[in-house]
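# Per-entry structural report
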Number of protein chains: 2
Amino acid sequence: MENITSLNSPHIERVKALIGSRGKKNRELENAFIAEGIQAVREALFPKLGEGLAVKRVYVTENGLTKLSEAISKDILAKYEVIQVSDQVMSVMADSESPQGIIALCSTKSLKLKDLWQRKPSKIAFFWQIQDPGNAGTVIRTADACGFDAVVFSSESVDIFNPKTVRATVGSLWHIPVIVDINIEEFITEAKENKFAIYALTGEAEQQFNAEFIDKSKKAPSVWIFGNEARGLPSLTSDPIKVSIPMKGYAESLNVASAAAIVLHSIGLSL
Amino acid sequence: MENITSLNSPHIERVKALIGSRGKKNRELENAFIAEGIQAVREALFPKLGEGLAVKRVYVTENGLTKLSEAISKDILAKYEVIQVSDQVMSVMADSESPQGIIALCSTKSLKLKDLWQRKPSKIAFFWQIQDPGNAGTVIRTADACGFDAVVFSSESVDIFNPKTVRATVGSLWHIPVIVDINIEEFITEAKENKFAIYALTGEAEQQFNAEFIDKSKKAPSVWIFGNEARGLPSLTSDPIKVSIPMKGYAESLNVASAAAIVLHSIGLSL
(Lines give C-alpha, C1' and ligand atoms only; values in the text may rest on other atoms or scores of the structure.)
Protein backbone atom coordinates (compact mmCIF):
# COMPACT_ATOMS: atom_id res chain seq x y z
CA MET A 1 0.00 0.00 0.00
CA GLU A 2 1.27 3.43 -0.97
CA ASN A 3 1.93 5.66 2.04
CA ILE A 4 1.89 9.45 1.77
CA THR A 5 3.49 11.58 4.47
CA SER A 6 4.71 14.56 2.42
CA LEU A 7 2.62 17.71 2.56
CA ASN A 8 3.83 18.42 -0.98
CA SER A 9 2.13 15.35 -2.45
CA PRO A 10 0.08 16.17 -5.59
CA HIS A 11 -2.72 14.00 -4.10
CA ILE A 12 -3.38 16.72 -1.52
CA GLU A 13 -3.76 19.43 -4.15
CA ARG A 14 -6.09 17.18 -6.18
CA VAL A 15 -8.41 16.43 -3.23
CA LYS A 16 -8.46 20.05 -2.02
CA ALA A 17 -9.28 21.29 -5.53
CA LEU A 18 -12.50 19.26 -5.42
CA ILE A 19 -13.74 20.79 -2.16
CA GLY A 20 -12.33 24.35 -2.02
CA SER A 21 -13.49 27.58 -3.64
CA ARG A 22 -12.89 26.17 -7.12
CA GLY A 23 -14.56 22.92 -6.07
CA LYS A 24 -17.67 23.08 -8.22
CA LYS A 25 -15.75 23.95 -11.40
CA ASN A 26 -13.20 21.22 -10.82
CA ARG A 27 -15.87 18.64 -9.94
CA GLU A 28 -17.53 19.35 -13.29
CA LEU A 29 -14.24 19.27 -15.21
CA GLU A 30 -13.05 16.02 -13.63
CA ASN A 31 -16.44 14.34 -13.03
CA ALA A 32 -15.18 13.63 -9.55
CA PHE A 33 -16.04 14.55 -5.98
CA ILE A 34 -14.93 13.80 -2.44
CA ALA A 35 -16.85 11.73 0.12
CA GLU A 36 -15.67 11.98 3.72
CA GLY A 37 -16.18 9.91 6.83
CA ILE A 38 -16.94 6.28 7.60
CA GLN A 39 -20.67 6.34 6.80
CA ALA A 40 -20.35 7.95 3.36
CA VAL A 41 -17.29 5.93 2.33
CA ARG A 42 -18.80 2.64 3.51
CA GLU A 43 -21.86 3.25 1.32
CA ALA A 44 -19.64 4.42 -1.56
CA LEU A 45 -17.61 1.19 -1.45
CA PHE A 46 -20.67 -1.00 -1.05
CA PRO A 47 -23.46 1.04 -2.67
CA LYS A 48 -27.09 -0.06 -2.24
CA LEU A 49 -27.78 1.22 -5.74
CA GLY A 50 -25.06 -0.98 -7.22
CA GLU A 51 -24.22 1.58 -9.89
CA GLY A 52 -22.97 5.13 -10.44
CA LEU A 53 -20.91 7.35 -8.11
CA ALA A 54 -18.12 4.77 -8.27
CA VAL A 55 -15.08 5.09 -6.03
CA LYS A 56 -11.82 5.90 -7.80
CA ARG A 57 -9.50 5.87 -4.81
CA VAL A 58 -9.61 5.81 -1.01
CA TYR A 59 -7.34 7.78 1.36
CA VAL A 60 -7.09 6.60 4.96
CA THR A 61 -5.06 7.32 8.05
CA GLU A 62 -3.94 4.36 10.15
CA ASN A 63 -7.01 4.84 12.36
CA GLY A 64 -9.24 5.30 9.36
CA LEU A 65 -8.02 2.02 7.84
CA THR A 66 -8.87 0.19 11.06
CA LYS A 67 -12.40 1.64 11.07
CA LEU A 68 -12.86 0.86 7.38
CA SER A 69 -11.63 -2.73 7.76
CA GLU A 70 -14.24 -3.25 10.48
CA ALA A 71 -17.02 -1.86 8.28
CA ILE A 72 -16.13 -3.48 4.94
CA SER A 73 -14.97 -7.00 4.17
CA LYS A 74 -11.42 -7.58 2.90
CA ASP A 75 -12.70 -8.89 -0.44
CA ILE A 76 -14.54 -5.68 -1.20
CA LEU A 77 -11.75 -3.44 0.04
CA ALA A 78 -9.25 -5.32 -2.15
CA LYS A 79 -11.08 -4.16 -5.26
CA TYR A 80 -10.16 -0.53 -4.60
CA GLU A 81 -6.97 1.55 -4.64
CA VAL A 82 -6.41 2.40 -0.97
CA ILE A 83 -3.67 4.89 -0.08
CA GLN A 84 -2.57 5.43 3.50
CA VAL A 85 -1.75 9.00 4.54
CA SER A 86 -0.33 10.51 7.72
CA ASP A 87 -2.69 12.24 10.16
CA GLN A 88 -1.12 15.54 9.12
CA VAL A 89 -1.77 14.91 5.42
CA MET A 90 -5.39 13.95 6.21
CA SER A 91 -5.99 17.12 8.21
CA VAL A 92 -4.83 19.18 5.23
CA MET A 93 -6.91 17.15 2.75
CA ALA A 94 -10.18 16.99 4.68
CA ASP A 95 -13.03 19.46 4.49
CA SER A 96 -14.56 18.74 7.90
CA GLU A 97 -13.08 20.24 11.04
CA SER A 98 -12.64 16.92 12.80
CA PRO A 99 -11.84 14.46 10.00
CA GLN A 100 -12.51 10.79 10.66
CA GLY A 101 -9.45 9.78 8.66
CA ILE A 102 -11.34 8.36 5.66
CA ILE A 103 -11.79 10.05 2.28
CA ALA A 104 -12.96 8.59 -1.04
CA LEU A 105 -12.41 10.15 -4.45
CA CYS A 106 -15.61 9.25 -6.34
CA SER A 107 -16.96 9.61 -9.84
CA THR A 108 -19.93 12.00 -10.30
CA LYS A 109 -21.52 9.87 -12.98
CA SER A 110 -25.26 10.05 -12.34
CA LEU A 111 -28.50 8.84 -13.88
CA LYS A 112 -30.18 10.44 -16.91
CA LEU A 113 -33.89 11.17 -16.87
CA LYS A 114 -34.63 8.42 -19.44
CA ASP A 115 -32.87 5.90 -17.16
CA LEU A 116 -35.18 7.00 -14.37
CA TRP A 117 -38.40 6.16 -16.26
CA GLN A 118 -36.96 2.75 -17.20
CA ARG A 119 -36.62 1.95 -13.49
CA LYS A 120 -40.47 2.21 -13.16
CA PRO A 121 -40.42 4.47 -10.13
CA SER A 122 -43.57 5.14 -8.12
CA LYS A 123 -42.74 8.18 -5.93
CA ILE A 124 -40.43 10.97 -7.05
CA ALA A 125 -39.39 14.16 -5.21
CA PHE A 126 -38.45 17.14 -7.40
CA PHE A 127 -36.67 20.24 -6.07
CA TRP A 128 -36.63 23.50 -8.05
CA GLN A 129 -33.54 25.64 -7.58
CA ILE A 130 -32.79 24.45 -4.07
CA GLN A 131 -29.89 26.60 -2.87
CA ASP A 132 -28.76 25.47 0.56
CA PRO A 133 -26.25 22.57 0.47
CA GLY A 134 -27.48 21.22 3.81
CA ASN A 135 -31.13 21.26 2.65
CA ALA A 136 -30.18 19.41 -0.57
CA GLY A 137 -28.39 16.68 1.35
CA THR A 138 -31.14 16.43 3.96
CA VAL A 139 -33.90 15.91 1.38
CA ILE A 140 -31.91 13.09 -0.27
CA ARG A 141 -31.62 11.42 3.16
CA THR A 142 -35.34 11.98 3.86
CA ALA A 143 -36.41 10.61 0.45
CA ASP A 144 -34.33 7.49 1.11
CA ALA A 145 -35.80 7.04 4.62
CA CYS A 146 -39.36 7.51 3.32
CA GLY A 147 -39.05 4.94 0.55
CA PHE A 148 -39.14 7.35 -2.36
CA ASP A 149 -37.68 6.02 -5.62
CA ALA A 150 -35.72 9.05 -6.81
CA VAL A 151 -34.79 12.66 -6.12
CA VAL A 152 -34.57 15.10 -9.02
CA PHE A 153 -32.97 18.56 -8.84
CA SER A 154 -33.72 21.28 -11.38
CA SER A 155 -31.04 23.21 -13.23
CA GLU A 156 -29.64 26.09 -11.16
CA SER A 157 -29.86 24.04 -7.98
CA VAL A 158 -26.89 23.81 -5.62
CA ASP A 159 -24.18 21.31 -6.65
CA ILE A 160 -25.09 18.08 -4.83
CA PHE A 161 -21.48 16.92 -4.95
CA ASN A 162 -20.23 19.68 -2.67
CA PRO A 163 -18.92 18.38 0.66
CA LYS A 164 -21.72 19.84 2.80
CA THR A 165 -24.41 18.16 0.72
CA VAL A 166 -22.59 14.84 0.53
CA ARG A 167 -22.15 14.94 4.32
CA ALA A 168 -25.81 15.85 4.95
CA THR A 169 -26.98 12.80 2.95
CA VAL A 170 -25.20 10.54 5.51
CA GLY A 171 -24.69 7.88 2.83
CA SER A 172 -28.11 8.15 1.17
CA LEU A 173 -26.42 9.57 -1.95
CA TRP A 174 -25.52 5.91 -2.61
CA HIS A 175 -28.98 4.55 -1.69
CA ILE A 176 -31.37 6.37 -3.98
CA PRO A 177 -31.10 7.63 -7.59
CA VAL A 178 -30.39 11.36 -7.72
CA ILE A 179 -30.78 13.13 -11.05
CA VAL A 180 -29.50 16.67 -11.52
CA ASP A 181 -29.74 19.65 -13.85
CA ILE A 182 -33.27 18.95 -15.14
CA ASN A 183 -35.57 21.54 -16.70
CA ILE A 184 -38.80 21.62 -14.65
CA GLU A 185 -41.23 21.97 -17.60
CA GLU A 186 -39.57 19.16 -19.55
CA PHE A 187 -39.61 17.02 -16.43
CA ILE A 188 -43.32 17.55 -15.85
CA THR A 189 -44.08 16.78 -19.49
CA GLU A 190 -42.15 13.50 -19.33
CA ALA A 191 -43.67 12.62 -15.96
CA LYS A 192 -47.18 13.14 -17.37
CA GLU A 193 -46.33 10.94 -20.38
CA ASN A 194 -45.26 8.32 -17.86
CA LYS A 195 -48.68 8.56 -16.11
CA PHE A 196 -47.55 10.32 -12.97
CA ALA A 197 -49.82 12.62 -10.99
CA ILE A 198 -47.98 15.92 -10.47
CA TYR A 199 -48.31 17.82 -7.18
CA ALA A 200 -46.59 21.10 -6.35
CA LEU A 201 -46.24 22.35 -2.77
CA THR A 202 -46.95 26.04 -2.34
CA GLY A 203 -48.05 28.46 0.38
CA GLU A 204 -51.46 29.50 -0.89
CA ALA A 205 -53.22 26.55 -2.58
CA GLU A 206 -56.89 25.69 -2.11
CA GLN A 207 -56.05 22.00 -1.82
CA GLN A 208 -54.86 21.26 1.71
CA PHE A 209 -52.35 18.51 2.42
CA ASN A 210 -54.75 16.81 4.84
CA ALA A 211 -55.56 13.18 5.74
CA GLU A 212 -58.18 12.72 3.03
CA PHE A 213 -55.93 14.17 0.33
CA ILE A 214 -52.95 12.08 1.51
CA ASP A 215 -55.01 8.85 1.46
CA LYS A 216 -56.19 9.52 -2.07
CA SER A 217 -52.94 10.82 -3.57
CA LYS A 218 -50.57 8.24 -2.11
CA LYS A 219 -52.10 5.36 -4.08
CA ALA A 220 -50.98 6.29 -7.63
CA PRO A 221 -47.47 7.03 -8.99
CA SER A 222 -46.74 10.66 -8.12
CA VAL A 223 -44.22 13.47 -8.39
CA TRP A 224 -43.93 16.01 -5.55
CA ILE A 225 -42.44 19.37 -6.48
CA PHE A 226 -40.85 21.75 -3.96
CA GLY A 227 -39.74 25.33 -4.69
CA ASN A 228 -36.74 27.49 -3.90
CA GLU A 229 -36.06 28.48 -0.25
CA ALA A 230 -36.81 32.17 -0.77
CA ARG A 231 -38.92 32.35 -3.93
CA GLY A 232 -41.00 29.18 -3.79
CA LEU A 233 -42.17 27.83 -7.15
CA PRO A 234 -41.86 29.46 -10.58
CA SER A 235 -44.97 30.07 -12.68
CA LEU A 236 -45.42 27.01 -14.90
CA THR A 237 -47.14 26.54 -18.25
CA SER A 238 -47.75 22.93 -17.29
CA ASP A 239 -50.35 22.81 -14.55
CA PRO A 240 -49.43 20.74 -11.50
CA ILE A 241 -52.00 20.27 -8.74
CA LYS A 242 -51.11 22.87 -6.11
CA VAL A 243 -51.14 21.79 -2.46
CA SER A 244 -50.50 23.61 0.83
CA ILE A 245 -49.37 22.16 4.12
CA PRO A 246 -51.85 23.48 6.73
CA MET A 247 -50.19 25.55 9.43
CA LYS A 248 -51.01 27.02 12.82
CA GLY A 249 -49.08 29.67 14.73
CA TYR A 250 -47.49 32.72 13.12
CA ALA A 251 -44.84 31.22 10.80
CA GLU A 252 -45.45 32.19 7.18
CA SER A 253 -43.83 29.07 5.78
CA LEU A 254 -41.77 26.00 6.58
CA ASN A 255 -38.12 25.33 5.72
CA VAL A 256 -38.11 23.37 2.42
CA ALA A 257 -36.40 20.33 3.98
CA SER A 258 -38.98 20.31 6.80
CA ALA A 259 -41.86 20.61 4.33
CA ALA A 260 -40.33 17.75 2.33
CA ALA A 261 -40.04 15.63 5.48
CA ILE A 262 -43.75 16.10 6.21
CA VAL A 263 -44.87 15.33 2.65
CA LEU A 264 -42.44 12.51 1.82
CA HIS A 265 -43.19 10.79 5.11
CA SER A 266 -46.96 11.04 4.63
CA ILE A 267 -46.84 9.86 1.01
CA GLY A 268 -43.95 7.39 1.13
CA LEU A 269 -44.79 5.53 4.30
CA SER A 270 -48.07 3.77 5.02
CA LEU A 271 -48.77 4.84 8.55
CA MET B 1 -32.01 60.49 13.52
CA GLU B 2 -28.35 59.73 14.19
CA ASN B 3 -26.43 58.90 11.01
CA ILE B 4 -23.26 56.81 11.10
CA THR B 5 -20.86 56.85 8.17
CA SER B 6 -17.49 56.35 9.93
CA LEU B 7 -16.01 52.87 9.83
CA ASN B 8 -14.43 53.68 13.20
CA SER B 9 -17.78 54.01 14.97
CA PRO B 10 -17.91 52.02 18.24
CA HIS B 11 -21.37 50.79 17.16
CA ILE B 12 -19.69 48.60 14.51
CA GLU B 13 -17.38 46.97 17.04
CA ARG B 14 -20.32 46.36 19.40
CA VAL B 15 -22.48 44.66 16.73
CA LYS B 16 -19.60 42.57 15.34
CA ALA B 17 -18.66 41.42 18.85
CA LEU B 18 -22.10 39.82 19.16
CA ILE B 19 -21.81 37.75 15.97
CA GLY B 20 -18.10 36.96 15.50
CA SER B 21 -15.87 34.33 17.04
CA ARG B 22 -16.40 35.79 20.53
CA GLY B 23 -20.10 36.14 19.82
CA LYS B 24 -21.43 33.55 22.26
CA LYS B 25 -19.35 34.86 25.17
CA ASN B 26 -20.32 38.46 24.47
CA ARG B 27 -24.00 37.57 24.01
CA GLU B 28 -23.98 35.97 27.46
CA LEU B 29 -22.08 38.87 29.06
CA GLU B 30 -24.30 41.54 27.55
CA ASN B 31 -27.61 39.61 27.39
CA ALA B 32 -27.87 40.86 23.83
CA PHE B 33 -27.90 39.44 20.31
CA ILE B 34 -28.27 40.60 16.72
CA ALA B 35 -31.29 39.96 14.47
CA GLU B 36 -30.79 40.63 10.76
CA GLY B 37 -33.11 41.15 7.83
CA ILE B 38 -36.62 42.50 7.36
CA GLN B 39 -38.51 39.38 8.51
CA ALA B 40 -36.66 38.95 11.81
CA VAL B 41 -36.59 42.66 12.64
CA ARG B 42 -40.27 43.14 11.78
CA GLU B 43 -41.20 40.36 14.21
CA ALA B 44 -38.76 41.73 16.80
CA LEU B 45 -40.37 45.19 16.66
CA PHE B 46 -43.89 43.79 16.68
CA PRO B 47 -43.53 40.44 18.45
CA LYS B 48 -46.44 37.98 18.46
CA LEU B 49 -45.42 36.88 21.92
CA GLY B 50 -45.66 40.41 23.25
CA GLU B 51 -42.78 39.90 25.68
CA GLY B 52 -39.10 39.05 25.93
CA LEU B 53 -36.35 39.42 23.30
CA ALA B 54 -36.99 43.17 23.31
CA VAL B 55 -35.30 45.42 20.76
CA LYS B 56 -32.68 47.80 22.18
CA ARG B 57 -31.75 49.61 18.97
CA VAL B 58 -32.22 49.32 15.19
CA TYR B 59 -29.58 50.03 12.53
CA VAL B 60 -30.78 50.67 8.98
CA THR B 61 -29.37 51.83 5.67
CA GLU B 62 -31.45 54.27 3.63
CA ASN B 63 -32.91 51.33 1.70
CA GLY B 64 -33.45 49.37 4.89
CA LEU B 65 -35.39 52.26 6.45
CA THR B 66 -37.70 52.38 3.43
CA LYS B 67 -38.39 48.63 3.70
CA LEU B 68 -38.93 48.86 7.46
CA SER B 69 -41.30 51.84 7.12
CA GLU B 70 -43.41 49.80 4.72
CA ALA B 71 -43.52 46.82 7.10
CA ILE B 72 -44.09 48.62 10.42
CA SER B 73 -46.33 51.56 11.26
CA LYS B 74 -44.75 54.92 12.18
CA ASP B 75 -46.22 54.76 15.69
CA ILE B 76 -44.49 51.48 16.46
CA LEU B 77 -41.21 52.52 14.85
CA ALA B 78 -41.22 55.77 16.84
CA LYS B 79 -40.95 53.75 20.08
CA TYR B 80 -37.48 52.52 19.16
CA GLU B 81 -34.04 54.06 18.76
CA VAL B 82 -33.36 53.87 15.01
CA ILE B 83 -29.88 54.75 13.73
CA GLN B 84 -29.18 55.19 10.04
CA VAL B 85 -25.85 53.87 8.75
CA SER B 86 -24.13 54.05 5.37
CA ASP B 87 -24.19 51.00 3.07
CA GLN B 88 -20.49 50.55 3.79
CA VAL B 89 -20.99 50.56 7.57
CA MET B 90 -23.84 48.04 7.18
CA SER B 91 -21.72 45.68 5.08
CA VAL B 92 -19.07 45.68 7.83
CA MET B 93 -21.65 45.19 10.59
CA ALA B 94 -23.74 42.45 8.98
CA ASP B 95 -23.19 38.72 9.33
CA SER B 96 -24.96 37.65 6.14
CA GLU B 97 -23.20 37.89 2.79
CA SER B 98 -25.93 39.97 1.17
CA PRO B 99 -27.26 42.14 4.01
CA GLN B 100 -30.76 43.55 3.64
CA GLY B 101 -29.75 46.78 5.38
CA ILE B 102 -31.69 46.13 8.61
CA ILE B 103 -30.19 45.00 11.92
CA ALA B 104 -31.69 45.00 15.41
CA LEU B 105 -29.78 44.80 18.67
CA CYS B 106 -32.07 42.72 20.89
CA SER B 107 -32.15 41.56 24.49
CA THR B 108 -31.71 37.81 25.11
CA LYS B 109 -34.10 37.76 28.07
CA SER B 110 -35.99 34.50 27.78
CA LEU B 111 -38.60 32.56 29.71
CA LYS B 112 -37.88 30.45 32.77
CA LEU B 113 -39.29 26.93 33.08
CA LYS B 114 -41.72 27.96 35.85
CA ASP B 115 -43.10 30.69 33.55
CA LEU B 116 -43.72 27.98 30.93
CA TRP B 117 -45.95 25.87 33.18
CA GLN B 118 -47.93 28.97 34.16
CA ARG B 119 -48.80 29.49 30.48
CA LYS B 120 -50.70 26.15 30.54
CA PRO B 121 -49.06 24.75 27.38
CA SER B 122 -50.39 21.65 25.65
CA LYS B 123 -47.63 20.56 23.23
CA ILE B 124 -43.92 21.05 23.97
CA ALA B 125 -40.88 20.07 21.88
CA PHE B 126 -37.66 19.36 23.80
CA PHE B 127 -34.24 19.09 22.13
CA TRP B 128 -31.32 17.48 23.92
CA GLN B 129 -27.88 18.86 23.03
CA ILE B 130 -28.84 19.94 19.54
CA GLN B 131 -25.59 21.11 17.95
CA ASP B 132 -26.27 22.51 14.47
CA PRO B 133 -27.32 26.20 14.49
CA GLY B 134 -29.45 25.71 11.35
CA ASN B 135 -31.26 22.71 12.88
CA ALA B 136 -31.97 24.69 16.08
CA GLY B 137 -33.50 27.57 14.13
CA THR B 138 -35.44 25.26 11.84
CA VAL B 139 -37.11 23.38 14.70
CA ILE B 140 -38.23 26.66 16.30
CA ARG B 141 -39.81 27.63 12.95
CA THR B 142 -41.42 24.19 12.60
CA ALA B 143 -42.80 24.21 16.15
CA ASP B 144 -44.37 27.61 15.45
CA ALA B 145 -45.87 26.44 12.14
CA CYS B 146 -47.26 23.27 13.75
CA GLY B 147 -48.96 25.10 16.60
CA PHE B 148 -46.71 23.84 19.40
CA ASP B 149 -46.75 25.97 22.55
CA ALA B 150 -43.04 26.02 23.37
CA VAL B 151 -39.57 24.79 22.40
CA VAL B 152 -37.12 23.81 25.13
CA PHE B 153 -33.39 23.24 24.60
CA SER B 154 -31.28 21.28 27.06
CA SER B 155 -28.05 22.57 28.53
CA GLU B 156 -25.07 22.04 26.20
CA SER B 157 -27.21 22.81 23.15
CA VAL B 158 -26.01 25.30 20.53
CA ASP B 159 -26.57 28.98 21.42
CA ILE B 160 -29.94 29.89 19.88
CA PHE B 161 -28.94 33.54 19.72
CA ASN B 162 -26.19 32.98 17.17
CA PRO B 163 -26.91 34.62 13.79
CA LYS B 164 -27.40 31.35 11.86
CA THR B 165 -30.05 30.12 14.30
CA VAL B 166 -31.83 33.47 14.48
CA ARG B 167 -31.88 33.59 10.65
CA ALA B 168 -33.16 29.99 10.35
CA THR B 169 -36.13 30.77 12.62
CA VAL B 170 -37.32 33.37 10.02
CA GLY B 171 -39.00 35.37 12.77
CA SER B 172 -40.46 32.45 14.73
CA LEU B 173 -38.07 33.26 17.58
CA TRP B 174 -40.58 36.04 18.36
CA HIS B 175 -43.67 33.84 17.86
CA ILE B 176 -43.20 30.97 20.28
CA PRO B 177 -41.67 30.71 23.76
CA VAL B 178 -38.14 29.26 23.63
CA ILE B 179 -36.54 28.16 26.87
CA VAL B 180 -32.85 27.31 27.03
CA ASP B 181 -30.26 25.61 29.21
CA ILE B 182 -32.61 23.13 30.88
CA ASN B 183 -31.54 19.88 32.53
CA ILE B 184 -33.40 17.01 30.80
CA GLU B 185 -34.11 14.95 33.94
CA GLU B 186 -35.40 17.97 35.87
CA PHE B 187 -37.51 18.95 32.89
CA ILE B 188 -39.12 15.50 32.66
CA THR B 189 -39.81 15.49 36.41
CA GLU B 190 -41.55 18.88 36.22
CA ALA B 191 -43.44 17.92 33.06
CA LYS B 192 -44.76 14.77 34.79
CA GLU B 193 -45.82 16.85 37.81
CA ASN B 194 -47.71 19.05 35.35
CA LYS B 195 -49.53 15.96 33.95
CA PHE B 196 -47.73 15.77 30.60
CA ALA B 197 -47.22 12.50 28.74
CA ILE B 198 -43.52 12.22 27.88
CA TYR B 199 -42.43 10.73 24.53
CA ALA B 200 -38.83 10.35 23.34
CA LEU B 201 -37.94 9.76 19.69
CA THR B 202 -35.29 7.12 19.14
CA GLY B 203 -34.12 4.74 16.43
CA GLU B 204 -34.97 1.41 17.97
CA ALA B 205 -38.21 1.62 19.97
CA GLU B 206 -40.97 -1.02 19.93
CA GLN B 207 -43.62 1.69 19.74
CA GLN B 208 -43.95 2.91 16.15
CA PHE B 209 -44.97 6.47 15.34
CA ASN B 210 -47.93 5.27 13.27
CA ALA B 211 -51.48 6.51 12.65
CA GLU B 212 -53.03 4.71 15.62
CA PHE B 213 -50.33 5.95 18.00
CA ILE B 214 -50.60 9.52 16.66
CA ASP B 215 -54.39 9.54 17.08
CA LYS B 216 -54.11 8.38 20.66
CA SER B 217 -51.14 10.47 21.76
CA LYS B 218 -52.15 13.80 20.22
CA LYS B 219 -55.19 14.16 22.49
CA ALA B 220 -53.46 14.79 25.84
CA PRO B 221 -50.83 17.39 26.80
CA SER B 222 -47.49 15.99 25.70
CA VAL B 223 -43.76 16.58 25.56
CA TRP B 224 -41.75 15.30 22.56
CA ILE B 225 -38.04 14.76 23.16
CA PHE B 226 -35.43 14.65 20.36
CA GLY B 227 -31.77 13.69 20.78
CA ASN B 228 -28.42 14.97 19.60
CA GLU B 229 -27.60 14.79 15.86
CA ALA B 230 -24.85 12.19 16.26
CA ARG B 231 -25.52 10.49 19.57
CA GLY B 232 -29.32 10.49 19.81
CA LEU B 233 -30.75 10.42 23.34
CA PRO B 234 -28.89 9.97 26.64
CA SER B 235 -29.87 7.16 29.00
CA LEU B 236 -32.42 8.56 31.41
CA THR B 237 -33.41 7.55 34.95
CA SER B 238 -36.86 8.95 34.22
CA ASP B 239 -38.64 6.70 31.79
CA PRO B 240 -40.17 8.44 28.76
CA ILE B 241 -42.23 6.39 26.30
CA LYS B 242 -39.81 5.57 23.46
CA VAL B 243 -41.10 5.95 19.90
CA SER B 244 -39.54 5.31 16.48
CA ILE B 245 -40.48 6.88 13.16
CA PRO B 246 -40.96 3.95 10.76
CA MET B 247 -38.58 4.06 7.79
CA LYS B 248 -38.15 2.40 4.42
CA GLY B 249 -35.07 2.47 2.20
CA TYR B 250 -31.51 2.23 3.47
CA ALA B 251 -31.13 5.38 5.58
CA GLU B 252 -30.30 4.53 9.19
CA SER B 253 -31.88 7.66 10.58
CA LEU B 254 -33.41 11.02 9.77
CA ASN B 255 -31.93 14.47 10.30
CA VAL B 256 -33.24 15.73 13.68
CA ALA B 257 -35.01 18.73 12.13
CA SER B 258 -36.70 16.43 9.58
CA ALA B 259 -37.76 13.99 12.31
CA ALA B 260 -39.11 16.94 14.29
CA ALA B 261 -41.04 18.18 11.24
CA ILE B 262 -42.72 14.77 10.86
CA VAL B 263 -43.61 14.45 14.55
CA LEU B 264 -44.59 18.05 15.29
CA HIS B 265 -46.76 18.18 12.17
CA SER B 266 -48.55 14.92 13.02
CA ILE B 267 -49.11 15.87 16.66
CA GLY B 268 -49.61 19.63 16.40
CA LEU B 269 -51.96 19.76 13.43
CA SER B 270 -55.26 17.94 13.21
CA LEU B 271 -55.14 16.60 9.65
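Anyway, here's the lowdown on the structure attached to this text. (Residues numbered from 1 in each chain as written. Chains lettered and ligands numbered in written order. Predicted model: local features only at pLDDT ≥ 70, side-chain atom pairs only at ≥ 80, totals over all residues. Heavy atoms only, no water.)

### Examining the sheet that holds strand β7 (residues 150-154) of chain B
All names here are of chain B.
- Taken in spatial order, the 7 strands make up an open sheet running β8-β7-β6-β11-β9-β12-β10, and their pairing is parallel. The open sheet is flanked by β8 (178-182) and β10 (207-208), the only strands paired with a single partner.
- The pairing of strand β9 (residues 197-201) with strand β12 (residues 241-244) spans 3 bridges and is classified as parallel. Bridge pairing in β12 places tyrosine 199 opposite isoleucine 241.
- Its contacts with the sheet put helix α8 (residues 133-145) on β6 (123-127), β7 and β8, and the angle it makes with β7 is roughly 155 degrees.
- With respect to the sheet, helix α12 (residues 256-268) is in contact with β6, β9 and β11 (222-226), its orientation differing from that of β11 by roughly 165 degrees. (Pairing = 2+ DSSP bridges. Helix = DSSP H or I, 4+ residues; strand = E, 2+ residues; numbered from the N terminus. Contact = heavy atoms within 4.5 Å. Axes fitted to C-alpha atoms, helices over the stretch in contact; angles between N-to-C directions.)

### With respect to the packing of helix α8 (residues 133-145) of chain A against helix α12 (residues 256-268) of chain A
Residues and elements named next belong to chain A.
- Contact pair α8 / α12: the axes reach a minimum separation of 9 Å and the direction vectors enclose 10 degrees. It follows that α8 is roughly parallel to α12 by the angle criterion. Touching Asn135, Thr138, Val139, Thr142 and Ala143 of α8 are Val256, Ala257, Ala260, Ala261 and Leu264, all from α12.
- For the contact of α8 with α12, a count of residues per class yields 7 nonpolar, 3 polar and no charged. (Parallel < 35°, antiparallel > 145°, perpendicular 65-115°, else oblique. Nonpolar A, V, L, I, M, F, W, Y, C, P; charged D, E, K, R; others polar.)

### What about the interface of chain A and chain B?
- Taken together, the contacts link 35 residues of chain A with 35 residues of chain B.
- The interface formed by chain A and chain B holds 2 salt bridges in total.
- Arginine 42 of chain B is paired through a salt bridge with glutamate 252 of chain A; the nearest N and O atoms lie 3.0 Å apart.
- The tally of links between chain A and chain B comes to 14 residue pairs in polar contact (both at pLDDT 80 or more).
- For the side of chain A that touches chain B, the elements supplying multiple residues, two or more each, are α3 (38-45), α8, α11 (211-217) and α12 of chain A.
- Per element, the largest residue contribution to the side of chain A that touches chain B is 6 residues, and it comes from α12 of chain A.
- A per-class count over the side of chain A that touches chain B returns 16 nonpolar, 13 polar and 6 charged. (Salt bridge = Lys/Arg side-chain N within 4 Å of Asp/Glu carboxyl O. Polar contact = N/O pair within 3.5 Å; in protein donor to acceptor, adjacent residues only side chain to side chain.)

### Concerning the pattern of salt bridges
- The tally for this structure, following the rule as stated, stands at 17 salt bridges over all chains.
- The salt bridge involving arginine 14 of chain B is made with glutamate 30 of chain B; its shortest N-O contact spans 2.7 Å. Separated by 16 residues along the polypeptide, arginine 14 of chain B in helix α1 (residues 10-17) and glutamate 30 of chain B in helix α2 (residues 23-30) bring together distant segments of the chain.
- For glutamate 30 of chain B, a relative accessible area of 27% corresponds to the partly exposed category.
- Salt bridges sharing partners connect three or more residues here, namely Arg42 and Glu43 of chain A together with Glu252 of chain B. (Buried < 20%, exposed > 50% of the residue type's maximum accessible area, 1.4 Å probe, protein only.)

### Remarks on the packing of α3 of chain A against helix α4 (residues 62-71) of chain A
Residues and elements named next belong to chain A.
- Here α3 crosses α4 at 50 degrees, and the two axes come no closer than 11 Å. Relative to α4, α3 is oriented oblique. Handedness of the α3/α4 crossing: right-handed. Here Ile38, Val41, Arg42 and Leu45 of α3 lie close against α4, whose contacting residues are Lys67, Leu68 and Ala71.
- In the contact of α3 with α4, the residues fall into 5 nonpolar, no polar and 2 charged. (Left-handed = near helix turned anticlockwise from the far one by under 90°.)

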